[in-house]
Amino acid sequence: MAHGAHHTPLLPPHPDVDLARDCAQCLGWGTVVTRDGAHELCRTCQPDPGDSEGGLDFTG
């Protein structure tokens, strides 16, 4: 059974597509879809604004 997109007042995040260009995790989109259907920035290629280093997340 097909389901439509979830209605949410939040806009999807805006990734830096230049950073995402060669990313194998998000396939160049800069965002990934979670199991809940939410869009979030790719942790592999998009720097975390709260992290001064940015880049890869090895907690995973």
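Treat the numbers as computed from the prediction; the structure is a model and nothing was measured.

Conventions we followed
Residues numbered from 1 in each chain as written. Predicted model: local features only at pLDDT ≥ 70, side-chain atom pairs only at ≥ 80, totals over all residues. Heavy atoms only, no water. Helix = DSSP H or I, 4+ residues; strand = E, 2+ residues; numbered from the N terminus. Contact = heavy atoms within 4.5 Å. Areas by Shrake-Rupley, 256 points an atom, 1.4 Å probe, with all protein chains shown as cover. Core = buried A, V, L, I, M, F, W, Y, C linked by side-chain atoms within 4.5 Å. Buried < 20%, exposed > 50% of the residue type's maximum accessible area, 1.4 Å probe, protein only. Salt bridge = Lys/Arg side-chain N within 4 Å of Asp/Glu carboxyl O. Disulfide = S-S within 2.5 Å. pLDDT = per-residue confidence, 0-100.

**Overview of the overall build of the protein**
Helices and strands together make up the secondary structure of the protein, namely one helix and two strands. Mapped in sequence order, the helices and strands of the protein form the string α-β-β. A separation of at least 24 residues holds for 25% of the contacts in the protein among residues at least 6 apart in sequence. For the protein, the exposed area adds up to about 5400 Å²; of that, 55% sits on carbon and sulfur atoms.

**Points about the nonpolar core**
Counting five residues, the largest nonpolar core consists of A20, C23, C26, C42 and C45. If near-sequence neighbours (up to four positions away) are discounted, C42 is found in contact with C23, Q25, C26, G30, T31 and V32.

**Observations concerning the pattern of salt bridges**
Tallied over the full model, the rule gives one salt bridge. The salt bridge partner of R21 is D18, with a shortest N-O separation of 2.7 Å. The same class applies to R21 as to D18, namely exposed.

**So, the state of the cysteines**
Following the criterion strictly, the structure yields zero disulfides and no others. Free cysteine C23: the closest other cysteine sulfur is in C26, separated by 3.7 Å. For C23, a relative accessible area of 10% gives the class buried. Lacking any disulfide linkage, C45 is separated from the closest cysteine sulfur, that of C26, by 3.7 Å.

**Concerning unusual backbone geometry**
Despite not being glycine, L27 shows a phi value in the positive range, around 60 degrees. Along the polypeptide, L27 turns up in the loop between α1 (17-20) and β1 (31-33).

**So, the confidence of the model for the protein**
Per-residue confidence for the protein gives a mean pLDDT of 79; residues scoring 70 or more make up 65%. Averaged pLDDT values over the elements of the protein bottom out at 91 in strand β2 (residues 39-41) and peak at 94 in α1.

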